[in-house]
Structures are given as C-alpha cells and as structure tokens.
Amino acid sequence: MVASRARGDDEAVGVLADVVREGLTVPARLEDVLVEQRRLPRRRLLLDVVRDVESGAESPLERRYLRDVERRHALPRGVRQARDAVAGRAVFRDVRYPAYRTNIELDGRLGHSRALDRWADLERDLEAAARGDVTLRIGWQQVLEPCRLAVTVGGVLALRGWTGPPTACGAACGMRPEGVS
C-alpha cells in the first residue's frame, strides 16, 4: 500500500484522502485491506486515518483540525463536508456546527492562494453571513497551535449557544484565552 511508504504522516493522510475523494475506493474497503495486512508499516496510523477520512476529513489539514483541535479539546462534533447552497449551486463546508450556525473553512491547499479562488471563498462567507452564519477561515498556522485555536473556536461557539467549554488536552496544554497567563 502506497500510504505505508509515505515520507511522513501528513503525506500518508493525503494519499488515503485523495483515493477516497477521487472515488477510486471507499474507506470500508481500505479498512478491510489494512485489517488483513497485519505487518504493514504504519498500519495503526493508517487505520486511524481511514476512519477519519470516512468521517469527512479530506486533507492532512482537515484531519489535524479534527484530531488536534476538535477531539483533543472536547469541542462539539462538527459535520464534515456539509452540503450548502450558495447562489443556487452546491458547495461543501469543511466543518459545520449547525446548532451554532458556524462554519469552519480550512485553507491549506495551494489553490486557495489564487485570486479567483479567494474571491469565491469570500463570496461564500458573505452569503453565509447574510443568513446569520459565521465562517472561521483557518490555515496551517492556526491548526499547528491547536490549544490556542480550540480556545478561539470554543469561544465563538459559546457566543452562539454552546455550553462547552473546551477542555485541556493534557497537563502541558497551552489552552489559555488571549491575555491570560
């Protein structure tokens, strides 16, 4: 399996997410193969990745948000790849918290640097805001500080009705609101 030979975990995630997103296979089939391959390098990681891909994490950035921000800090479970309508066409939100009318858009792909892609993203955000939804546009820099990001996302969700709060992911968790030491 190609993903087991990837140079790093994020590359392995990308390989598995790509084959599912492109319709070349389904997560259940990948899981069956991984269960049979007991001596495959990174097997445990790959099984975890397949389960995350099955839940809708379609990129290394989306998986890190799911694992490091949402799960480890006990944020509510978001709906991944949530279908939405913008200007009469279907779009998919990376993560949606429907009860709190909050969208998370994870911008980690190179295509998001092109002006037309950025304008389309901003247009979607404006349409969401006109309906009363808020969109948090998050990149690698924020996801690589998961404790801090959990405080921010948890704070936005709390303003919109979540009775959280996020919890520390461990003894060394850097989860502190801005300005608190």
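Refer to the preceding data block for the structure.
Residues numbered from 1 in each chain as written. Predicted model: local features only at pLDDT ≥ 70, side-chain atom pairs only at ≥ 80, totals over all residues. Heavy atoms only, no water.

1. Quick word on the packing of helix 3 (residues 43-54) against helix 4 (residues 60-71)
- Axis separation between helix 3 and helix 4 bottoms out at 10 Å; the angle between their running directions is 90°. If you check the angle between helix 3 and helix 4, you find them roughly perpendicular. For the pair helix 3 and helix 4, the contacting residues are Leu45, Asp48, Val49 and Asp52 in the first and Arg63, Leu66 and Arg71 in the second.
- Taken together, the residues of the contact of helix 3 with helix 4 break down into three nonpolar, no polar and four charged. (Axes fitted to C-alpha atoms, helices over the stretch in contact; angles between N-to-C directions. Helix = DSSP H or I, 4+ residues; strand = E, 2+ residues; numbered from the N terminus. Parallel < 35°, antiparallel > 145°, perpendicular 65-115°, else oblique. Contact = heavy atoms within 4.5 Å. Nonpolar A, V, L, I, M, F, W, Y, C, P; charged D, E, K, R; others polar.)

2. A closer look at the pairing of strand 3 (residues 102-106)
- In terms of burial, strand 3 is a largely internal element, five of the five residues being buried.
- Both faces of strand 3 are covered, namely the face carrying Thr102, Ile104 and Leu106 and the face carrying Asn103 and Glu105.
- The pairing of strand 2 (residues 89-97) with strand 3 spans three bridges and is antiparallel. Counterpart to arginine 96 in the pairing with strand 3 is asparagine 103.
- Linking strand 2 to strand 3, which pair antiparallel, is a turn of four residues; within it arginine 101 sits at a positive phi near 50°.
- Here strand 3 pairs with strand 4 (residues 134-138) via five bridges, running parallel. Its bridge partner lying in strand 4, asparagine 103 is registered against threonine 135. (Buried < 20%, exposed > 50% of the residue type's maximum accessible area, 1.4 Å probe, protein only. Pairing = 2+ DSSP bridges.)

3. Things to note about the pattern of salt bridges
- Counted under the stated rule, the structure contains 21 salt bridges.
- With its nearest N and O atoms 2.2 Å apart, the salt bridge here joins arginine 21 to aspartate 18. In this pair, arginine 21 and aspartate 18 are both assigned in helix 1 (residues 9-21), three residues apart and thus about one turn of the helix distant.
- Classification of arginine 21 by relative accessible area gives partly exposed; the value is 37%.
- Two residues, glutamate 31 and arginine 51, come together in a salt bridge whose shortest N-O distance is 3.0 Å. Within this pair, whereas glutamate 31 is found in helix 2 (residues 27-36), its partner arginine 51 is found in helix 3, the two being separated by 20 residues in sequence.
- Classification of arginine 51 by relative accessible area gives partly exposed; the value is 38%.
- When salt bridges that share partners are traced, they join Asp84, Arg93, Arg96, Arg101, Glu105, Arg124, Arg131 and Asp133 into one network. (Salt bridge = Lys/Arg side-chain N within 4 Å of Asp/Glu carboxyl O.)

4. Brief notes about the nonpolar core
- Core analysis: the largest hydrophobic core is formed by 18 residues, its most contacted members being Tyr65, Tyr97, Ile104, Leu106, Ile138 and Val153.
- For this core, the secondary-structure elements that each account for two or more residues are helix 4, strand 2, strand 3, strand 4 and helix 7 (146-159).
- When residues in this core are grouped by element, the largest group, five residues, is from helix 7.
- In contact with tyrosine 97, other than residues within four places in its own chain, are Tyr65, Glu70, Pro76, Arg77, Gly78, Thr102, Ile104, Val153 and Leu157.
- If you look at the next biggest cluster of nonpolar residues, it comprises 16 residues, including Ala12, Leu30, Leu47 and Val53. (Core = buried A, V, L, I, M, F, W, Y, C linked by side-chain atoms within 4.5 Å.)

5. Concerning the sheet that holds strand 2
- What the four strands build is an open sheet, ordered 1-2-3-4; its pairing is mixed. Every interior strand has two partners, whereas the edge strands, strand 1 (79-86) and strand 4, have only one. Each neighbouring strand pair of the sheet contributes to a mean axis angle of 45°, computed without reference to strand direction.
- Along the sheet, helix 4 makes contact with strand 1, strand 2, strand 3 and strand 4, crossing strand 2 at roughly 30°.
- Of the strands in this sheet, strand 2, strand 3 and strand 4 touch helix 7, which is tilted by about 175° from strand 4.

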